[in-house]
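# Coordinates in review
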Amino acid sequence: MSDSATGDAGGVTGGSAARATADADQVRDATSRVTGAADQATGAGDGGTDSVDQATGAGDGGTDSVDQATGAGDGVTDALDQVTAAGDGVTGIEGRTAAGAGEGTRAVRAGLPEPVKHEPTLPGPVFAAHFHLPGDPTGPYTYGRDENPTWTLLERAVGELEAPGHDGAETLVFASGMAAISAVLFSQLRTGDVCVLPDDGYQALPLVRAQLEAYGIEVRTAPTGGDAQLDVLDGARLLWIETPSNPGLDVCDIRRLAEAARARGALVAVDNTLATPLGQRPLELGADFAVASGTKQLTGHGDVLLGYVVGRDAEAMAAVRRWRKIVGAIPGPMEAWLAHRSIATLQMRVDRQSATALAVAEALRERPEVTGLRYPGLPDDPSHKIAARQMRRFGCVVSFTLPSRARADRFLDALRLVDDATSFGGVRSTAERRGRWGGDAVPEGFIRLSVGAEDPEDLVADVLRALDASTA
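Small disclaimer: the values here were computed from a predicted structure and weren't measured.

Across the interface, helix H15 (residues 405–414) lies against helix H16 (residues 456–469) with an axial gap of 8 Å and an inter-helix angle of 135 degrees. Overall, the two elements H15 and H16 adopt an arrangement that is oblique. Relative to H16, H15 is oriented so that their crossing is right-handed. Facing Arg407, Phe411 and Ala414 of H15, the residues of H16 in contact are Val463, Arg465, Ala466, Leu467 and Ala469. Taken together, the residues of the contact of H15 with H16 sort by class into six nonpolar, no polar and two charged.

Printed below as a string of structure tokens:
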């Protein structure tokens, strides 16, 4: 990728040249409203995004948009009608933010409708099981299991981040990451097909494997590292990639695997949960699907369960949509709205968390009791070379191993700024002894640490103090 973080240990600044170019394009091409929003967002700090959004909605650009607000009548409903009047719910990648805009600008503006006088910048959640539908059932909104205006805006936002400038891509949101994963696998595979999964991926994948095999689908597995899935790819219908892998943080070459899969007639799906679309964009690297749990860093506050699928092929995505309808794996409108609101701060959170994760990893590297330290942003990490080639940021998760289960438990108990909890990607740091779940092939003392948005020096000090306290 032209904007990959080649050779940059920090991860946060790895794509600075590409982002600087995008910023320059933005200055030349964007309207004064968008430029003003970007300038405010740059200096707003962690808590400033809500005020930036409000200022942008009320600023100079809003005046020019008043003339567009014809017949606003019923308030939010008409504003949402304006968003979705064209097409079947605006699931294509389009919107008011130019594809060449900077990542912070895209995150802040992602999925917002055209301004309407007296309406909010981001319309509130639409709670509806059914919609007024006289006559033939035409238009985007008929029944609440099929579509919802709040999903429409969120799907547009996710698509603008995962596939900027790709008008043919489509986004669908789901009730959870596993709902999204299941929708791709079970909509694309049939009895007799072959599926290739990572053997070091997310803990629930063995459950998925068992269900696939119960349906007569052959499942092959191989490690993420070393592009080992290439060795079992012949005859496969679908290749499932998870990079970086969770929790081991191995990285594979998406482009290489995607080219090999396409040459064999196989589809490629990439779990992009840990990287986020600000870390890597799988569709640009050749994948057919980008799939993620929005529960994690995309939303980042630990208060929403969500998943999504972004795909480039209309027929394949129609099958994914049909699966969502059949199983009813839909997000609630409140969850969708919370997720969309949270995306506005994504770049600020990701940059802060990635920088702090590197600082924590560097501090852990100096500790003799720590073994198996993994963070793709470390120059000496086994995955760094590939990660630097395809990732713009290296994520918020650091993994390492302490000498024993007891030592790991004492370490977790001694932490004061890090919660002992599962999941990752939130603004509050979390850590856990991953082996307690029993589904990962990791040592008893293996720790997965999710770095939050705390001050880096405070978090590093807390981790080092807890290590000292755990020696007893």
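Another aspect to go through is the pairing of strand E5 (residues 267–271). Across the five residues that make up E5, a large majority, five, are buried. Bridging between strand E4 (residues 238–242) and E5 involves five bridges; their strand directions are parallel. By the bridge assignment, Glu242 is partnered in E5 with Asp271. In this fold, the crossover linking E4 to E5 by way of helix H10 (residues 254–263) has right-handed handedness. Direction of pairing for E5 relative to strand E6 (residues 289–293): parallel, over a ladder of three bridges. Each bridged residue has a counterpart across the sheet, and for Ala269 the counterpart in E6 is Phe289.

What follows is about the sheet that holds strand E2 (residues 194–198). In a beta sheet, neighbouring strands pair by backbone hydrogen bonds and run either parallel or antiparallel. The seven strands are arranged E1-E7-E6-E5-E4-E2-E3 in an open sheet whose pairing can be described as mixed. The open sheet has two free edges, formed respectively by strand E1 (170–174) and strand E3 (218–222), since each of these has just one partner strand. Across the sheet, the axes of successive neighbouring strands diverge by a mean angle of 20 degrees, strand direction being ignored. Judged from the two bridges that link them, E2 and E4 form a sheet pairing that is parallel. If you follow Val196 over to E4, its bridge partner there is Leu239.

The rules behind the values
- Residues numbered from 1 in each chain as written.
- Predicted model: local features only at pLDDT ≥ 70, side-chain atom pairs only at ≥ 80, totals over all residues.
- Heavy atoms only, no water.
- Axes fitted to C-alpha atoms, helices over the stretch in contact; angles between N-to-C directions.
- Helix = DSSP H or I, 4+ residues; strand = E, 2+ residues; numbered from the N terminus.
- Parallel < 35°, antiparallel > 145°, perpendicular 65-115°, else oblique.
- Left-handed = near helix turned anticlockwise from the far one by under 90°.
- Contact = heavy atoms within 4.5 Å.
- Nonpolar A, V, L, I, M, F, W, Y, C, P; charged D, E, K, R; others polar.
- Buried < 20%, exposed > 50% of the residue type's maximum accessible area, 1.4 Å probe, protein only.
- Pairing = 2+ DSSP bridges.
- Right-handed = clockwise from strand over helix to strand, strands pointing away.

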